[in-house]
Number of protein chains: 2
Amino acid sequence: MLIEEMTVEECRDVLTRASLARLACEMDGQPYVIPVNLAYDGSDLFGFATMGYKIDCMRGNPLVCVEIDDIKSQSEWTSVVVFGSYEELPDIPEHEKTRAHAYELLERRTMWWEPACVSIAHPAYPKSFAPIFYRIRVDRMTGHRASPDRVEVDSSSPKHGSRLSRWLEHVLTH
Amino acid sequence: MLIEEMTVEECRDVLTRASLARLACEMDGQPYVIPVNLAYDGSDLFGFATMGYKIDCMRGNPLVCVEIDDIKSQSEWTSVVVFGSYEELPDIPEHEKTRAHAYELLERRTMWWEPACVSIAHPAYPKSFAPIFYRIRVDRMTGHRASPDRVEVDSSSPKHGSRLSRWLEHVLTH
């Protein structure tokens, strides 16, 4: 498997096409990760949710990490990791335009995840129908792309076993 | 879409079948999430990696969160979230049996992700070939399963637009 670092432009392309992402936040040193729907406008990410554990986490500590991947096989995948910060977009005149922008972006995408009318994040929270729009300001991002290399193709025959198995065996017996 | 909470047994089944997971850790309040290969033995999760940013994070703060999902469509998915703590299994006699157990578990699975011979997690780290085996002691887990409901099936016709779109529109215009 050959792993290459992606350019910022390539990372942006992945973000622009994606709608499903994994969002990590934390509270009191306990990380939390859930799948979410996010939309990218070329600069920031936008999402919405109902009140729940992740919103509590991000209100307490706005630092977040977002991971977006496309895994076709063991040796063919891309993964983009975004570091950013959470910013709530409450329903006040100041955020009217940004909320409309977020809505438009999110509306364009297939909603793969978490219709915001269902709040299930944490049993401590009762169901709530109040939507919370938010922006994730992108601080930095990195991306990696894997493609099969010749050795892997050669060793894909069952008689050879997997490259990783052989490597693991080597490591554990030497 | 109907969302149900899964039983602990159902969550365990998902973990037992899974190999690809998203692992969240944190350092100095900055969350980090990456796809990893993990194997579950009915009690703990096991993985391996080379030295890199995530290992640094977990050495600094062993609290982690692991998310495992199977997303077939917008309205048909499962997601299990595990809270646990990282425990390194260094190559010393004390951990010999546990390392062999981890190896056996990981070997059984298709290695979808991150052959440990490639270290790409962070540009600050040079490539390293030393594998680090680790256990994630599962503290607690929650799981949710979604299935389409009648309303959704009825509204799947393009002329009606998506249920979510209509809901969003309602929320934003009232």
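First, a word on what this report is: a plain description of the structure on this page. (Residues numbered from 1 in each chain as written. Chains lettered and ligands numbered in written order. Predicted model: local features only at pLDDT ≥ 70, side-chain atom pairs only at ≥ 80, totals over all residues. Heavy atoms only, no water.)

**A look at the pairing of strand S8 (residues 131-147) of chain B**
Residue and element names in this part refer to chain B.
So, point 1. Inspection of the sheet shows strand S1 (residues 2-5) paired to S8 by four bridges, in the antiparallel sense. Bridging across to S8, Ile-3 finds its partner in Ala-146.
So, point 2. Here seven bridges tie strand S5 (residues 44-50) to S8, and the two strands are oriented antiparallel to one another. Counterpart to Phe-48 in the pairing with S8 is Phe-133.
So, point 3. Examined bridge by bridge, strand S7 (residues 76-88) and S8 share twelve bridges and lie antiparallel to one another. For Val-82, the partnering residue across the bridge sits in S8 and is Met-141. (Pairing = 2+ DSSP bridges. Helix = DSSP H or I, 4+ residues; strand = E, 2+ residues; numbered from the N terminus.)

**Topic: the packing of aromatic side chains**
Geometrically, a pair of aromatic rings is defined through the distance of the ring centres and the angle of the planes.
Residues and elements named next belong to chain A.
So, point 1. By the definition in use, this model includes eight aromatic pairs over all chains.
So, point 2. Their ring planes at 45 degrees and their centres at 5.4 Å tell us that Tyr-86 and Tyr-134 sit as a pair that is tilted. Taken together, the residues span a long stretch of sequence, with Tyr-86 in strand S7 (residues 76-88) and Tyr-134 in strand S8 (residues 131-147) at a distance of 48 residues.
So, point 3. Classification of Tyr-86 as buried rests on a relative accessible area of 8%. (Phe/Tyr/Trp six-rings, centres within 6.5 Å; stacked < 30°, edge-to-face > 60°. Buried < 20%, exposed > 50% of the residue type's maximum accessible area, 1.4 Å probe, protein only.)

**As for the layout of surface pockets**
So, point 1. The space that makes up the largest pocket amounts to roughly 460 Å³.
So, point 2. As for the largest pocket, its lining consists of 21 residues, and the residues nearest its centre are Ile-68, Asp-69, Asp-70, Ile-71 and Thr-78 of chain B.
So, point 3. For the lining of the largest pocket, the elements supplying multiple residues, two or more each, are strand S2 (20-27) of chain A together with helix H1 (8-17), strand S2 (20-27) and strand S6 (63-73) of chain B.
So, point 4. Each residue belonging to the lining of the largest pocket can be placed in one class, and the counts come to nine nonpolar, three polar and nine charged. (1 Å grid on protein atoms, 1.4 Å probe; cavity = no way out; pocket = protein on both sides within 12 Å on 5 of 7 lines; lining within 4 Å. Points joined across faces, edges and corners; volume = space filled by probe spheres on them. Nonpolar A, V, L, I, M, F, W, Y, C, P; charged D, E, K, R; others polar.)

**Things to note about the pattern of salt bridges**
So, point 1. Going through the model one piece at a time under the given rule, you end up with 26 salt bridges over all chains.
So, point 2. With its nearest N and O atoms 2.8 Å apart, the salt bridge here joins Asp-69 of chain A to Arg-22 of chain B. Residue Asp-69 of chain A is located in strand S6 (residues 63-73), and its partner Arg-22 of chain B is located in strand S2; the two belong to separate chains. For the residue pair Asp-69 of chain A and Arg-22 of chain B, the accessibility class agrees, reading buried in each case.
So, point 3. With a closest N to O distance of 2.7 Å, Arg-135 of chain A and Glu-87 of chain A form a salt bridge. A residue pair is termed long-range when its members are at least 10 positions apart, and Arg-135 of chain A in strand S8 and Glu-87 of chain A in strand S7 qualify at 48 residues.
So, point 4. Residue class for Glu-87 of chain A comes out partly exposed when judged on its relative accessible area of 23%. (Salt bridge = Lys/Arg side-chain N within 4 Å of Asp/Glu carboxyl O.)

**Quick look at the environment of Glu-9 of chain B**
So, point 1. Among the structural elements, Glu-9 of chain B can be located in helix H1.
So, point 2. The spacing of Glu-9 of chain B and Gly-42 of chain B is 33 residues in sequence and 9.8 Å in space, taken between C-alpha atoms.

**A look at the side chain of Asn-61 of chain B**
So, point 1. Within the element layout of this structure, Asn-61 of chain B appears in the loop between helix H2 (53-60) and S6.
So, point 2. The exposure class of Asn-61 of chain B is buried, given its relative accessible area of 13%.
So, point 3. A polar contact of 2.7 Å, which involves the side chain of Asn-61 of chain B, links it to the backbone oxygen of Gly-29 of chain A.
So, point 4. Residues within four places of Asn-61 of chain B in sequence aside, it is in contact with Gly-29 of chain A together with Glu-26 of chain B. (Polar contact = N/O pair within 3.5 Å; in protein donor to acceptor, adjacent residues only side chain to side chain. Contact = heavy atoms within 4.5 Å.)

**Observations concerning the state of the cysteines**
So, point 1. Applying the stated criterion to the full structure yields zero disulfides over all chains.
So, point 2. Left without a disulfide partner, Cys-25 of chain A is nearest to the cysteine sulfur of Cys-57 of chain A, which lies 4.1 Å away. (Disulfide = S-S within 2.5 Å.)

**What about H2 of chain B?**
So, point 1. Every buried residue of H2 of chain B is listed here: Tyr-53, Lys-54, Ile-55, Cys-57 and Met-58 of chain B.
So, point 2. Close packing links the buried residues of H2 of chain B with S2, strand S3 (30-37), S5, S6, S7 and S8 of chain B.

**Comments concerning the pairing of S6 of chain A**
Residue and element names in this part refer to chain A.
So, point 1. Where S2 meets S6, three bridges bridge the pair, whose relative direction is antiparallel. What sits directly across from Leu-23, in S6, is Val-66.
So, point 2. Judged from the ten bridges that link them, S6 and S7 form a sheet pairing that is antiparallel. Along S7, the bridge assignment pairs Ile-68 with Val-80.
So, point 3. Counting the residues between successive antiparallel strands, the hairpin from S6 to S7 contains two residues.

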